[in-house]
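Examination of the molecular architecture
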Amino acid sequence: MYAEVALNIPIDKTFVYRVPENLVEKLEKGKRVIVPFGRKDFLKTGIITDIKEKTEVNPSFIKEIFDIPDSFPLFTENTLKLAEEIAKRYASGIGETLFFFLPSGFIIDESTYIYLIKDEKVKGKTERDILNFLKEKKGKVKLVTLNRRIKGSVYQAVKNLIRKGLIGKEEAITYPSLPSKKFVSLLKEETVRGAKEKLLIELLKEKKEISVDEIKKSGIKSHTIKRLQEKGIIEIFEKEILLDIKKQELEDKRKITLTSDQKKAFEKITNGKNETFLLYGVTGSGKMEVYLNAAREIVNRGKSVLILVPELLLTPELRARVESYFGENIAVFHSKLSKKELTSQWIKAIKGTTKVFIGTRMALMLPIKDLGLIVVDEEQDVSYKEQQKPLYHARDMAIKRGKIENCPVVLVSATPSVESYYKGITGEYIPLELKKRISEIPLPYIKVVNLSEEKKVGIFSQPLITAIKNTIKKGEQVLLFINRRGFFSSGFCPECGFVAECNDCAVPLVYHKSVKKLICHICGKTYKPVYRCPKCKTKLEFKGYGTERVEEEAKVLFPEGKIIRLDQDSVKDPIRGAKLISDIKKGKYNIIIGTQIASKGHNFPKLTLVAVLLADVGYLLPDFRSSERVFQTIVHTTGRAGRFKPGAAIVQAFEPENPAVKYAREYRFELFYKEEIEARKIFNYPPFSFPVLLEFQLERSSKFKTVESKFNVLKEKLSPYFNVPPLTPAPIPKIAGRYRFTSFLRASSEENLIKGVNLLKNEMQLLFKGIRYKIDVEPVYLL
Ligand SMILES: Nc1ncnc2c1ncn2[C@@H]1O[C@H](COP(=O)(O)OP(=O)(O)OP(=O)(O)O)[C@@H](O)[C@H]1O
Ligand SMILES: [Zn+2]
């Protein structure tokens with residue numbers, strides 16, 4: 001028997017291994033294996049992707065599997081298929097893809113130990129060296145250490161020595177053991193005196209076994225438990241439990257009856273087979289209640305549900321809402337979890353002990369069995385696109401997974417991406433629209449202020465100042481939205497045009513007043529602030545706004561305000577972040593200055609005024625999605641206002657007539673999408689083309705000439721699949737010290753995209769050895 005094994009190396013192929021007799025029984029696709037690899041036979045963790053009777057590979061090249069450590073696979077057949085699709089579409093290898101998703105707690109490359117049993121005469125030099133080495137070391141030695149220290153095929157020699165009984169091997173595999181907890185159960189019923197002792201026995205009669213933690217919650221102390229144990233009345237034992245992430249308090253326990261619109265959507269989804277639904281409607285129209293109800297229905301049918309959410313949305317609030325439907329037995333999966341928590345959630349999926357999984361994009365690959373529904377909330381969110389290899393799009397791959405698992409997928413949004421909206425029109429997705437807000441409270445009235453005409457104090461226009469004053473006078477809250485943290489966005493010299501930039505990234509630095517530093521928002525590097533031009537010594541002028549500068553101006557303008565900043569800097573620490581949110585809800589602050597973090601996921605009851613301070617600056621970026629993003633920002637942010645009582649919104653813009661601003665203000669979404677789709681069609685942007693952003697990252701710009709001439713050769717080969725423009729410097733021409741050159745390729749069909757990407761991947765490997773490049777298929781960032 002042979003196994004195809006995927007390894008964590010950046011090569012797009014799997015490797016054939018022979019399966020020794022004693023492991024044939026344990027052979028199963030998706031399982032973890034330990035195999036020797038490379039000239040020195042280092043042991044590596046691999047994943048079995050296929051099992052075969054025969055192989056074409058020359059038998060003398062085939063090595064043997066060393067071990068199959070688990071009794072269950074870590075990838076289901078379906079997730080293996082999904083990984084293949086991802087590798088194919090996003091120009092990565094199958095091994096790279098599998099190991100990207102697999103929690104690192106499962107990787108056990110360095111855990112085999114070898115020890116000496118007895119020393120005898122042996123023939124081979126390597127065998128002799130190994131015995132000598134072990135004798136000298138006395139005790140256990142890691143196999144990888146042997147590999148490093150001894151010449152020749154260590155792996156083969158070790159195998160021989162084990163067969164001869166001269167050495168032994170021990171797996172100190174740090175297998176992700178499930179954490180355990182102490183439990184108590186009743187051995188015999190006996191009358192006892194103490195009140196606490198009686199209580200404990202009563203509890204144990206009701207429930208067969210109770211964890212010690214649980215018992216302590218009822219006010220019973222350890223010594224009581226100990227005494228009963230000593231009397232032989234109860235027994236204490238360890239039991240494996242599935243680690244759960246710290247529980248949040250439940251908030252949402254209301255019973256909800258769906259409206260007729262919601263009901264229709266609910267029915268379509270729960271009767272779905274493997275369709276993709278687009279569930280959309282203004283903020284507060286009850287989309288989430290629809291998908292949670294549908295999810296509960298699916299779980300009641302005995303199937304599992306996967307809910308994907310953007311990074312910023314995975315708040316305790318969201319979790320509490322999901323728990324109000326499913327209780328605590330849900331698994332949450334995201335990058336902030338510990339190694340142990342990640343492996344434990346992964347095991348829950350395989351073992352089927354949990355039915356509801358919520359997570360960020362990385363949850364896409366969870367080996368959930370019997371999937372009955374996948375939800376992608378805020379489907380337009382850019383955080384669904386991974387920025388490292390494999391650069392997959394979790395929304396698009398969730399749809400793929402739905403097809404593989406044969407289950408429906410629901411994309412949810414108040415402002416669908418133009419691509420998804422278009423597919424809803426053309427029938428590729430089934431549109432489900434919720435037309436009205438649930439509460440009688442109307443959507444906030446949006447006033448647009450023209451920044452180029454209106455009088456301003458700093459960034460605050462007169463109408464905004466008045467509105468803020470009125471709102472705080474009423475005891476209500478204001479949210480001021482600005483797209484950037486920090487103080488100024490740049491310092492420049494009015495004399496010579498010098499701009500304070502990051503040396504490595506060629507972008508203007510942002511001044512952070514709170515730490516008195518200039519910070520590069522691309523690479524995070526910090527610099528001492530400069531106030532005078534280093535070239536001509538003129539005093540620098542500062543421009544642009546970040547949350548800190550808005551805060552400072554607000555302090556002066558609204559001395560009665562209780563101001564708080566809600567941005568990445570202020571919620572870095574999750575505990576502090578949660579406290580901050582709860583303080584805001586309680587009304588401790590009345591002016592909240594926030595970035596994206598504030599625009600999603602939270603419900604602030606007292607919030608009745610929202611202002612988008614600079615709505616259309618993003619509009620000028622060289623990105624075909626910038627207009628869409630302006631639109632989404634306005635709708636999402638203003639939608640925060642007046643959830644509990646009528647609210648209003650003010651949008652400050654330089655070009656109020658720009659369609660993104662105009663249509664968002666009037667809630668005329670169809671018109672916005674119509675215009676935007678027209679524009680995309682004319683300029684051949686997605687959904688009318690399938691782009692790939694090819695990026696070179698060169699250490700020296702002088703290398704460009706050679707790269708360019710090779711690229712021009714490649715261009716010819718790619719031309720059947722892509723329209724290939726010449727290489728040009730990227731809009732941000734330098735990041736982290738590397739010069740960036742890009743070409744924005746476009747395929748006219750999905751088929752061409754996949755074929756073209758495959759060719760591109762192979763050719764690039766051959767042509768550009770030793771040069772850093774990135775193949776970003778269907779990118780979300782073009783800068
Ligand atoms: N049928 C219903 N009856 C009573 N309350 C409802 C109903 N549907 C939704 N709600 C409530 O209305 C509010 C908004 O609903 P929900 O969060 O589902 O809307 P949404 O469209 O997902 O909003 P957003 O786009 O802002 O995330 C919530 O407080 C929710 O509990
Ligand atoms: Zn930088």
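Nothing here was measured: the structure is a model prediction, and the numbers come from that model.

Section: the packing of helix H4 (residues 125–137) against helix H6 (residues 154–163)
In the contact formed by H4 and H6, the axes pass within 9 Å of each other and the chain directions differ by 75°. It follows from the interaxial angle that H4 and H6 lie roughly perpendicular. Residues Thr-126, Glu-127 and Ile-130 of H4 form the contact with H6, whose participating residues are Val-154, Ala-157, Val-158, Asn-160 and Leu-161. Split by residue class, the contact of H4 with H6 holds five nonpolar, two polar and one charged.

Let's talk about the sheet that holds strand E5 (residues 63–64)
The five strands are arranged E3-E4-E1-E2-E5 in an open sheet whose pairing can be described as mixed. With one partner strand each, in any of the chains shown, strand E3 (32–37) and E5 form the two edges of the open sheet. Bridge analysis of strand E1 (residues 2–7) against strand E4 (residues 42–52) gives six bridges, and the strand direction is antiparallel. Within the sheet, the bridge partner assigned to Val-5 lies in E4 and is Ile-48. Running over the sheet, helix H3 (residues 94–101) touches E1 and E4 and is turned about 65° from E1.

Focus: the pairing of strand E2 (residues 15–18)
With burial as the criterion, only one face of E2 is covered, namely that bearing Phe-15 and Tyr-17; the residues Val-16 and Arg-18 on the opposite face remain uncovered. Note: E1 against E2, four bridges, orientation antiparallel. Residue pairing in the sheet places Ala-3 in a bridge with Tyr-17 of E2.

Here's the deal with the site of ligand 1
What surrounds ligand 1 is a group of 16 residues, the closest being Thr-283, Gly-286, Lys-287, Met-288 and Glu-289. Residue composition of the shell around ligand 1, by class: five nonpolar, nine polar and two charged.

Observations concerning the UniProt feature "domain: Helicase ATP-binding" (unreviewed entry) in the protein
As recorded in UniProt, the sites labelled "domain: Helicase ATP-binding" (unreviewed entry) are residues 268–434. Helix makes up 37% of residues 268–434 and strand 20%. Its end C-alpha atoms lie 13 Å apart.

Observations regarding the UniProt feature "binding site: Zn(2+) 2" (unreviewed entry) in the protein
Here the UniProt-annotated "binding site: Zn(2+) 2" (unreviewed entry) positions come out as Cys-502, Cys-505, Cys-520 and Cys-523. Separation in sequence by 22 residues is not matched in space for these annotated residues, since their most distant C-alpha atoms are only 8.7 Å apart. Within the secondary structure, Cys-502 is located in the loop between strand E23 (490–492) and strand E24 (510–512). Of the residues examined, Cys-502 has 25 C-beta atoms within 10 Å and is grouped as buried. Once you skip the residues sitting within four places of it in the chain, Cys-502 turns out to touch Val-507, Leu-509, Cys-520, Ile-522, Cys-523 and Lys-525. Take Cys-505: it is sitting in the loop between E23 and E24.

Structural notes on the sheet that holds strand E18 (residues 430–433)
Strand order in the open sheet formed by seven strands is E14-E15-E13-E16-E17-E12-E18, and the pairing between neighbours is parallel. Each of the sheet's edge strands pairs with one partner strand only, and the pair in question is strand E14 (330–333) and E18. Going from strand to strand, the sheet's axes swing by 20° on average, the running direction of each strand aside. When E14 meets strand E15 (residues 356–359), the two strands line up parallel, connected through four bridges. Bridge assignment links Phe-333 to a residue of E15, and that residue is Gly-359. The strands that helix H14 (residues 394–405) touches are strand E12 (276–280), strand E13 (304–308), strand E16 (371–377) and strand E17 (409–413); relative to E16, the one it contacts most, it runs at about 165°.

Observations regarding H6
Those residues of H6 that sit buried are Val-154, Tyr-155, Ala-157, Val-158 and Leu-161. For H6, the buried positions fall inside an angular range of 160° around the axis, keeping them on one side. Just downstream of H6 lies Gly-165, where phi reads positive at about 80°.

What counts as what
Residues numbered from 1 in each chain as written. Chains lettered and ligands numbered in written order. Predicted model: local features only at pLDDT ≥ 70, side-chain atom pairs only at ≥ 80, totals over all residues. Axes fitted to C-alpha atoms, helices over the stretch in contact; angles between N-to-C directions. Helix = DSSP H or I, 4+ residues; strand = E, 2+ residues; numbered from the N terminus. Parallel < 35°, antiparallel > 145°, perpendicular 65-115°, else oblique. Contact = placed C-beta atoms within 7 Å. Nonpolar A, V, L, I, M, F, W, Y, C, P; charged D, E, K, R; others polar. Pairing = 2+ DSSP bridges. Buried ≥ 20, exposed ≤ 12 C-beta atoms within 10 Å, placed from the backbone. Near = placed C-beta within 6 Å. UniProt positions renumbered as here; feature names shortened; annotations may be inferred. Arc of directions from axis to C-beta.

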